[in-house]
Structures are given as C-alpha cells and as structure tokens.
Amino acid sequence: MYKYTYLLILLFTLSFYSCSTDNEETIPDVSSIEVNVEVRHLEDELFALETRDQIVKYLVENPEIEQKYFLQARLYPTREVLVEALYDFLSKPENDTLRMDAKNVYGDFEKERKQLEDAFKYIKYYYPEFKVPKVYTSVSGFGNWGFGGDVLDFGDMIVLGIDYFTGPTATFTVPETPGYILKRYTPEYIVPFTVQILSNRFNQVNDRDRTVLAQMVAWGKAYEFVDRAMPYLPDTIKAGYSKRELYEVQYNEGYIWSHFVENELLYKSERMTVKRYVDDRPTTSEISGDSPGRLGRWLGWQIVESYLRNNKEQDFVSLMKEKDARKILQKSKYKPNNRK
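Small disclaimer: the values here were computed from a predicted structure and weren't measured. (Residues numbered from 1 in each chain as written. Predicted model: local features only at pLDDT ≥ 70, side-chain atom pairs only at ≥ 80, totals over all residues. Heavy atoms only, no water.)

Novice: Describe helix α5 (residues 79-91), naming the residues involved and giving the relevant values.
Specialist: With 13 residues, α5 extends 18 Å between its outermost C-alpha atoms, agreeing within 8% with the 18 Å of an ideal straight helix rising 1.5 Å per residue. Leu82, Val83, Ala85, Leu86, Phe89 and Leu90 are the residues of α5 that are buried. For α5, the buried positions fall inside an angular range of 165 degrees around the axis, keeping them on one side. Where α5 is buried, its residues contact α2 (42-47), α3 (52-61), α4 (63-70) and α6 (93-106). (Helix = DSSP H or I, 4+ residues; strand = E, 2+ residues; numbered from the N terminus. Expected span 1.5 Å × (residues − 1). Buried < 20%, exposed > 50% of the residue type's maximum accessible area, 1.4 Å probe, protein only. Arc of directions from axis to C-beta. Contact = heavy atoms within 4.5 Å.)

Here you go:
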C-alpha cells in the first residue's frame, strides 16, 4: 500500500509544513484572556501520611478529594474501609517507586501546567462560560486500589494520573496494556489527552446512532477540539501517529477513503466493524498490514475540517453542537486530498 519515493516524501513533507504555517493565520489571539492554573500534587500529600489517623485527618480536611476522587467508584462503603485501603496502598514500596519515577520525569510539572493554562485560554475563547477546573496530579498504582485512572474529569476538578504517563524510562508500565497504546502513555500526551477528555463536555452526539460514520465524526470533532485548544501541538500528537504513519495516511488518503466507500462501511453499526476501523488497534489490517489503527478517527477529523472549510457560516462551536453525523458528511463535500 505504502510505496513511494523519497522525492515524493520530501515534497509532501514540504507541503505539509507549508499548510501548517498557513493554518497559524487563523489561530485566535488569546493574550488578553486571563487564566491561572495551580496544580496540587496529591501523590506528595498522600505519601507524607504515615499513620491511619493522619489519613483520616487528611480525608476530613479534604472532603472534595475524598468524595469525588476516592469514593467515586463506590468500592468503599465506609471511610474506615477507605482508610485501610489507603494505608495498604501507601505501605507498598512499588507505589512509592511509581511516585519517584513520575517525579523524575515531570519535576515540578511546570511545563505541563503552562500547557494546560494555554489550552484553557483557547477553550475560554470559544466557550467564555468555561470555568477552569482545579488540577490535581496523582499516583494510584494504575487504579489497582479502586481509585484513580489516567485522566479523570469531575467537572470542577480534574485528576491527572502521572504514573500512567511516565513513558519508557519507568520502572513499571500500565499492566495488561499493549505496546501500541503504551507508546502514547508518555509525558507529551498527558495534556493533549486531558484536553480530549474535556472535549466530551462540548461534543454533542446522537447516542442512538451507532454507525461507523457517527463514531468517525464524533472522534473527528474531538480531534478538532484538541486542534483548537492546542493549535501549536504537532499533528502527530493530535492524531496519535508517528511522523511516518501520518505522512503515509495523508499520502494514501484517497485510497483509505475509497476502501470505506467501496465496502459500504459508513452506515454499518455492527460492533466488530466499528472495532476494526475506529477503535484502538495496532494496525488496520483490512486495508494493509502496515496501515495504523484508528483510521476512522483520522478520516473523521478530515471530514470535520472539510465541513468547516465549506460552510463558513458554521463556526467551531456550532460544529461541536451538531449531532447529525450524516449532515456533517453531506455538507462537508469531503474529497480526499482536496485541502484548498
């Protein structure tokens, strides 16, 4: 599938970076938008606790953290049970190793804090009513004690599981997670993934539409949200592809789209079909053995961008409100490689 010369790659690369430069002209000025992000490090607060009484005192003094973070999974019927679980969690040396690995990777978390602050400015540009959430980092032992996760959105607070995003230098990796997913559990993905999670607040979809197209467009809108909130982020990170994978899918866009059309995939709703073309997989083997997974998501992003280009009366916010995936496709006038 992917056979082309070095010259073609070079020409495509130059045109790709040229397009990126042109896109910067549409990036809004957010310099006047004030956003202040402060980060609390729950992992440091928790590992400073040495006794059960100290854990109880901490929970009493932090009711929001207790109720939303520790008890949201409803695994602990009483505080006493939660205290015992936390005491056991803190007593395991491997969990402190996770904390130290994360500390070595992130330091004071200032780079990520600034990224979040900038992203929140862009979100507030499009959604002035957006209230900046409290930001916490945490180490949960990969959620094995009944709390925590990679990124959790509780509305007025978000918790970033930094033990998930420590990358290949970590002593431990997320258990039972394949390599094609682990390669995105790295520091450069933690803020974009957080922004993608936040997109769920604004990304309106038709829950009754289970078609491949509906899933493609929903993901395309999520990618576009990240693109708007983090406009200077490389497209490789936004799409979760390596540079080579991104070049290949862009170069073969017409071939990929024709596979979807000729096999009448867009309006199929069988779970296995969605899994093959939209869900996370190492490759989309139905197209070729070396084509990356999640091609439906990437195509959905191209459809969404075509929709915005060809419907100037529709802005980004109205796009996020549009639930009709078929309408978006029809009005997008999407044609592969037609990016003018």
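The structure having been displayed, the exposition proceeds.
Novice: Please give an account of the pairing of strand β4 (residues 157-161) that cites residues and values.
Specialist: Along β4, five of the five residues are buried, which leaves the element largely enclosed by surrounding structure. On β4, burial covers both faces: Met157, Val159 and Gly161 on one face and Ile158 and Leu160 on the other are all buried. With five bridges connecting them, strand β2 (residues 134-138) and β4 associate as parallel partners. Bridged to Val135 within β4 is Ile158. Note: strand β3 (residues 151-153) against β4, three bridges, orientation antiparallel. By the bridge assignment, Val151 is partnered in β4 with Leu160. In this antiparallel pair of consecutive strands, β3 and β4, the connection spans three residues, and Gly155 shows a positive phi of 90 degrees. (Pairing = 2+ DSSP bridges.)

Novice: Which residues make up the packing of helix α7 (residues 110-126) against helix α10 (residues 212-229), and what are the values?
Specialist: Interaxial distance between α7 and α10 falls to 8 Å at its minimum, and their mutual angle equals 110 degrees. Accordingly, the angle class assigned to the pair α7 and α10 is roughly perpendicular. On α10, the residues touching Asp118, Ala119, Tyr122, Ile123 and Tyr126 of α7 are Phe225, Arg228 and Ala229. (Axes fitted to C-alpha atoms, helices over the stretch in contact; angles between N-to-C directions. Parallel < 35°, antiparallel > 145°, perpendicular 65-115°, else oblique.)

Novice: Describe the side chain of Ser291, with residues and values.
Specialist: Residue placement: Ser291 occurs in the loop between α14 (271-277) and α15 (295-310). In this structure Ser291 comes out as buried when scored by relative accessible area, which is 0%. Reaching out from Ser291, the side chain makes a polar contact with the backbone oxygen of Thr284 at a distance of 2.8 Å. Within the structure, Ser291 has its side chain in polar contact with the backbone oxygen of Ser288 (distance 3.0 Å). (Polar contact = N/O pair within 3.5 Å; in protein donor to acceptor, adjacent residues only side chain to side chain.)

Novice: Give a description of the nonpolar core that names residues and reports values.
Specialist: With 76 residues, the main nonpolar core has Phe120, Ile123, Tyr127, Met216, Trp257 and Phe260 as its most contacted residues. Here this core gets nine residues from one element, more than from any other, and that element is α10. Aside from chain neighbours lying at most four places away, what touches Met216 is Trp257, Phe260, Leu266, Val278, Gly296, Arg297, Leu299, Gly300 and Ile303. Residues Leu59, Ile65, Leu71 and Phe147 belong to the second largest nonpolar core, which totals 25 residues. (Core = buried A, V, L, I, M, F, W, Y, C linked by side-chain atoms within 4.5 Å.)

Novice: I'd like a rundown of the pairing of β2, residues and numbers included.
Specialist: Of all five residues that make up β2, four are buried, and the element is covered over most of its length. With three bridges joining them, strand β1 (residues 39-41) and β2 adopt parallel strand pairing. Counterpart to His41 in the pairing with β2 is Thr137.

Novice: Describe the packing of aromatic side chains, and please don't skip the residues or the numbers.
Specialist: Tallied over the full model, the rule gives 23 aromatic pairs. Ring centres 5.5 Å apart and planes at 15 degrees place the aromatic pair Phe202 and Phe225 in the stacked group. Here Phe202 is found in the loop between α9 (187-199) and α10, whereas its partner Phe225 is found in helix α10, with 23 residues between them in sequence. Comparing Phe202 with Phe225 shows no difference in burial state: the two are buried. Between Arg52 and the ring centre of Tyr87, over which it is positioned, the NZ or CZ distance is 3.9 Å. A cation sits over an aromatic face here: Arg297 above Trp219, 3.7 Å from the ring centre. (Phe/Tyr/Trp six-rings, centres within 6.5 Å; stacked < 30°, edge-to-face > 60°. Lys NZ or Arg CZ within 6 Å of the ring centre and 35° of its normal.)

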